[in-house]
Amino acid sequence: MNSKRTLLKALAAAAMATVALGTAQAADITGAGATFPFPIYAKWAEMYKAQTGTGLNYQSIGSSGGLRQIRAKTVAFGASDAPVKGEDLDKDGMVQFPAIIGGTVPVFNLEGFAPGSIRITGPVLAEMFLGKITTWNDAKITALNPGKTLPNTPITVVHRADGSGTTFNFTDYLASVSKDWADSVGKGAAVKWPASTSVGGKGNEGVAANVSRTRGSVGYVEYAYAKKNNIPHMSLQNADGQYVQPDDKSFAAAAAGVDWMSVPGMGVSMVNAKGKESWPISTASFILMYKQPTDKAQSAEVLKFFDWAFKNGKQAAVELDYVPLPDSVTSQIRDKVWSQIAR
């Protein structure tokens, strides 16, 4: 939709303005971490600043960077798409809660192919990233795309160069659908990429930029970055055998029925969720905070910001193709998670 595209195109400039404004007051919020949710955090921050006068200085540096920053106590909250395990939260004296739901998408650069026009399955996608499928007209890809003439173009794999929750979720998905990937690479915020053509990019921004300028490339980014940069995504086969497109509805379908409190730190995986409409690489992005914060006033401002976002930021999230958390989940977060934070 035109309104969505206009919003996405303007987002980077608006986000940077928000960050600049976020240094103006002592009460402004500091956070760092995942690039996956940066577009919606930036939009929420712009709206919140206009309404309350309190800004947000959020460093979009990747999930691993966010964990380093919060553990160093240089920010009031960290953000990670790879949930921290319950035992590590206990050791660090932190709590964790989801803030937004979205999806990671495989993206490509081939002339003449529209978004969603190329079908792929998880196992075949894994072989591309393993370097076992090296050209776009490989028999395994063409078999999934009858009636389409795929070129004899070499495949360049583009991946994250930094420690990344997006990488964690993408590799978690590949490991769940490919034994070869699980055995030889595994899952993690940073892995050793086996394809000989692999090139890295920093952040979702860097991967999107590399795919955009590299003919024949394949990569993975949060969906908002694919839309903002007009990079075609693939249609992906889900756990029910259906080929689905990424959007807020297919991300929401993957999140339906999730029992957030079933895992310590609410760190539930939605990878390869069942359901005929579910997007297979859907995920939540998480916030990390200390139970006994060094700066209680700053910590309280963080809670005010996310409380406001949960109540007032739903439409902005949908416009950027994220999925806002249901009210029932945000009530659990307030009652069972935020209540552990000293104020």
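Residues numbered from 1 in each chain as written. Predicted model: local features only at pLDDT ≥ 70, side-chain atom pairs only at ≥ 80, totals over all residues. Heavy atoms only, no water.

Caption draft 1: Summary view of the sheet that holds strand E5 (residues 119–120). Taking strand neighbours across the sheet as the criterion, the 3 strands line up as E5-E9-E10 in an open arrangement whose pairing is mixed. Edge positions in the open sheet fall to E5 and strand E10 (243–244), since each of these has one partner strand only. Bridge count for E5 against strand E9 (residues 235–237) is 2 bridges, and the pairing is parallel. Residue pairing for E9: arginine 119 is matched across the bridge by serine 235. (Pairing = 2+ DSSP bridges. Helix = DSSP H or I, 4+ residues; strand = E, 2+ residues; numbered from the N terminus.)

Caption draft 2: Just the nonpolar core, in detail. By size, the foremost hydrophobic cluster in this structure holds 94 residues, and its most contacted members are Trp44 and Phe306. Sorting elements by how many residues they give to this core places strand E4 (residues 94–108) first, with 8 residues. Ranked by size, the runner-up nonpolar core spans 9 residues in total, among them Val75, Val84, Met94 and Tyr290. (Core = buried A, V, L, I, M, F, W, Y, C linked by side-chain atoms within 4.5 Å. Buried < 20%, exposed > 50% of the residue type's maximum accessible area, 1.4 Å probe, protein only.)

Caption draft 3: Focus on the environment of isoleucine 70. Inspection of the secondary structure puts isoleucine 70 in helix H3 (residues 63–71). Distance from isoleucine 70 to glycine 31, taken between C-alpha atoms, is 8.1 Å for residues 39 residues apart in sequence. Dropping the residues within four chain positions of it, isoleucine 70 is found in contact with Val75, Ala76, Phe77, Gly78, Met94, Leu288 and Tyr290. (Contact = heavy atoms within 4.5 Å.)

Caption draft 4: Structural context of the sheet that holds strand E11 (residues 282–290). Here we have 8 strands laid out as an open sheet, ordered E2-E1-E3-E11-E4-E8-E6-E7, and mixed in their pairing. Every interior strand has two partners, whereas the edge strands, strand E2 (56–60) and strand E7 (199–201), have only one. Looking at each pair of strands side by side, their axes are set apart by 25° on average, direction ignored. In this sheet, E7 lies alongside strand E6 (residues 156–160) in parallel orientation, the contact comprising 3 bridges. The residue bridging arginine 160 from the neighbouring strand is glycine 201, located in E7. Across the face of the sheet, H3 comes into contact with strand E1 (29–33), E2, strand E3 (77–80), E4 and E11 while running at roughly 160° to E3. (Axes fitted to C-alpha atoms, helices over the stretch in contact; angles between N-to-C directions.)

Caption draft 5: Layout of H3. With 7 of its 9 residues buried, H3 lies for the most part within the structure. Where H3 is concerned, the buried positions are Ser63, Ser64, Gly65, Gly66, Leu67, Gln69 and Ile70. If you follow the buried residues of H3, they end up packed against E1, E2, E3, E4, helix H7 (165–177) and E11. One or two steps after H3, the chain reaches lysine 73, where phi turns positive at roughly 60°.

Caption draft 6: Summary view of the packing of aromatic side chains. Within this structure, the stated rule accounts for 22 aromatic pairs. Aromatic side chains phenylalanine 36 and tyrosine 322 sit 6.3 Å apart centroid to centroid with 75° between the ring planes, which places their arrangement in the edge-to-face category. Of this pair, phenylalanine 36 sits in the loop between E1 and helix H2 (38–52) while tyrosine 322 sits in the loop between helix H13 (314–319) and helix H14 (327–337), placing them 286 residues apart in sequence. An identical accessibility class is assigned to phenylalanine 36 and tyrosine 322; each is buried. Ring plane angle 85° and centroid distance 5.5 Å describe the contact between phenylalanine 77 and phenylalanine 306, whose orientation is recorded as edge-to-face. On the criterion of sequence distance, the pair formed by phenylalanine 77 in strand E3 and phenylalanine 306 in helix H12 (residues 296–312) is long-range, its members being 229 residues apart. Through successive ring pairs, a cluster of aromatic residues spans Phe38, Tyr41, Trp44, Tyr48, Tyr58, Phe77, Phe97, Phe305, Phe306, Trp308, Phe310 and Trp338. Positioned over the ring face of tyrosine 290 is lysine 73, at 5.0 Å from the centre of the ring. (Phe/Tyr/Trp six-rings, centres within 6.5 Å; stacked < 30°, edge-to-face > 60°. Lys NZ or Arg CZ within 6 Å of the ring centre and 35° of its normal.)

Caption draft 7: Structural view of the packing of H2 against H12. In the contact formed by H2 and H12, the axes pass within 10 Å of each other and the chain directions differ by 100°. Here H2 is positioned roughly perpendicular relative to H12, judged by the angle of their axes. Note on element contacts: H12 touches H2 through Glu301, Lys304, Phe305, Phe306, Trp308, Ala309 and Asn312, opposite Tyr41, Trp44, Ala45, Met47, Tyr48 and Gln51. A breakdown of the residues in the contact of H2 with H12 according to their chemical character gives 9 nonpolar, 2 polar and 2 charged. (Parallel < 35°, antiparallel > 145°, perpendicular 65-115°, else oblique. Nonpolar A, V, L, I, M, F, W, Y, C, P; charged D, E, K, R; others polar.)

Caption draft 8: Representation of helix H11 (residues 248–255) within the structure. If you check which residues of H11 are buried, you get Asp248, Ser250, Phe251, Ala254 and Ala255. Take H11 and look down its axis: the buried residues cluster within an arc of 170°, on one side only. Check the buried side of H11 and you find it contacts E4, helix H10 (223–228), E11 and H13. Of the residues flanking the start of H11, the one acting as N-cap is aspartate 247, its side-chain oxygen 3.0 Å from the backbone nitrogen of lysine 249. (Arc of directions from axis to C-beta. Polar contact = N/O pair within 3.5 Å; in protein donor to acceptor, adjacent residues only side chain to side chain.)

Caption draft 9: Fine view of the side chain of threonine 283. Within the element layout of this structure, threonine 283 appears in strand E11. With a relative accessible area of 3%, threonine 283 lands in the buried category. At a separation of 3.1 Å, a polar atom in the side chain of threonine 283 contacts the side chain of asparagine 169. If we ignore the near neighbours within four places in the chain, the residues touching threonine 283 are Phe36, Asp81, Ile100, Ile101, Gly102, Asn169 and Met270.

Caption draft 10: Fine view of the confidence of the model for the protein. Averaged over every residue, the pLDDT of the protein is 92; the share at 70 or more is 92%. Here residues 1–26 is a poorly scored stretch, pLDDT under 50, and it has 38 contacts once near neighbours within four places are set aside; other chains count. (pLDDT = per-residue confidence, 0-100.)

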